[in-house]
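Below are the chains, spelled out letter by letter.
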Amino acid sequence: MPVFTHVPQDEFVASVKTLAAALAADPAWTPDFLIGVGRGGLVPAVFLSHASGLPMLSVDYSSQVEEFAEAPLARLADRTRAGARLLFLDDINDSGRTIARLRAALAAGDAAPGAVRFAVLIDNRSSTEGVDYRARTIDRAVTKDWFVFPWEAVAPQAALDGDAAAVPERIA
C-alpha cells in the first residue's frame, strides 16, 4: 500500500520561490519562456511565471496526443535555433522518463545546444535524467512516498491509487 504524502500549498509556494531564486541567481542563463509540462508541470509553471515575470507556454506531453505534444516540441526546437532559451518545468523528476522523452524530441527537432534547461519541484537523485534547477531532492531508495501536489488533492482516492499502482517500482 503506497504512502500518500500531501504537499501543502505553502510548501508548494515555497518551492516555487526557491526555483525563482535559483533562476535569479543565474544571470548568465535567463530563459525567454517557461514551458509547463502537462499535466503536473502546468500549475507550477503558472506560479513560476508570476514569481519570475517570465512568459509561460505549455506542452501537454502527458496526453501523448501528437498535436499537443510532439508538434509543439518541434516548434519550440525551432525557436531555440532562432535564439530562444527555454526552461521546461515539471512537478517531479522521478524515473527521468518524461525528461528523456522531451530531450529526445527536442534533439530530433535540432534544438540549439545549451538553449534548453529543466526544473522540477522534486528531483529524485537516482533518476536517469538530471535537471538544472530543483526545489527539493529525494532518494527513491529511501523515500517511497507518492507525492500528492495541491492540484491533485481534488482527485478521487481511486485515481490516486491507480496512478501509484501504475508505477509500483517507485513506491515499493
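Here the structure is a predicted model, which means the values were calculated and not measured. (Residues numbered from 1 in each chain as written. Predicted model: local features only at pLDDT ≥ 70, side-chain atom pairs only at ≥ 80, totals over all residues. Heavy atoms only, no water.)

**Examining the environment of Ala71**
By secondary structure assignment, the location of Ala71 is in helix H3 (residues 70-81). Once the C-alpha coordinates of Ala71 and Asp26 are considered, the two residues, 45 residues apart in sequence, prove to be 30 Å apart. (Helix = DSSP H or I, 4+ residues; strand = E, 2+ residues; numbered from the N terminus.)

**Let's talk about the nonpolar core**
If you look at the biggest cluster of nonpolar residues, it comprises 21 residues, and the most contacted ones within it are Leu19, Leu48, Leu87, Leu121, Ile122, Tyr133 and Phe147. Going through the elements one at a time, helix H1 (9-24), helix H2 (42-52), strand E4 (86-93), strand E5 (116-124) and strand E6 (133-138) are the ones with two or more residues in this core. Tallying contributions element by element places H1 first for this core, with five residues. Look past the residues within four positions of Leu48 in its chain and what remains in contact with it is Val16, Leu19, Ala20, Leu23, Leu34, Gly53, Leu87 and Leu89. By size, the runner-up hydrophobic cluster in this structure holds 19 residues, among which are Leu73, Leu76, Ile99 and Val131. (Core = buried A, V, L, I, M, F, W, Y, C linked by side-chain atoms within 4.5 Å. Buried < 20%, exposed > 50% of the residue type's maximum accessible area, 1.4 Å probe, protein only. Contact = heavy atoms within 4.5 Å.)

**Notes on the sheet that holds E6**
Sheet architecture is open: five strands sit in the order E3-E2-E4-E5-E6, paired in parallel fashion. Where the open sheet ends on each side, the last strands, each with one partner, are strand E3 (56-59) and E6. Recorded for the sheet is a direction-independent mean angle of 25° between the axes of neighbouring strands. Two strands pair when backbone bridges link them, and strand E2 (residues 33-37) and E4 are joined in this way by four bridges, in the parallel orientation. Bridging from a neighbouring strand, Leu34 pairs with Leu87 of E4. Helix H4 (residues 97-108) contacts E2, E4 and E5 of the sheet and is inclined by roughly 175° relative to E5. (Pairing = 2+ DSSP bridges. Axes fitted to C-alpha atoms, helices over the stretch in contact; angles between N-to-C directions.)

**Remarks on the side chain of Thr80**
Structurally, Thr80 is set in helix H3. Thr80 has contacts with Leu86, Ala111, Ala112, Ala115 and Val116, leaving out every residue within four places of it along the chain.

**Here we look at the packing of aromatic side chains**
Per the counting criterion, the structure on display carries four aromatic pairs. Where Phe12 meets Phe47, the ring centres are 4.7 Å apart and the plane angle is 65°; that geometry is what we call edge-to-face. Residue Phe12 is found in helix H1, and its partner Phe47 is found in helix H2; the two are separated by 35 residues along the sequence. With a relative accessible area of 2%, Phe12 lands in the buried category. On the basis of an interplanar angle of 70° and a centroid distance of 5.2 Å, the ring pair of Phe12 and Trp151 is categorised as edge-to-face. Here Phe12 is found in helix H1, whereas its partner Trp151 is found in the loop between strand E7 (146-148) and helix H5 (157-165), with 139 residues between them in sequence. Members of the aromatic cluster, connected to one another through ring pairs, are Phe12, Phe47, Phe149 and Trp151. (Phe/Tyr/Trp six-rings, centres within 6.5 Å; stacked < 30°, edge-to-face > 60°.)

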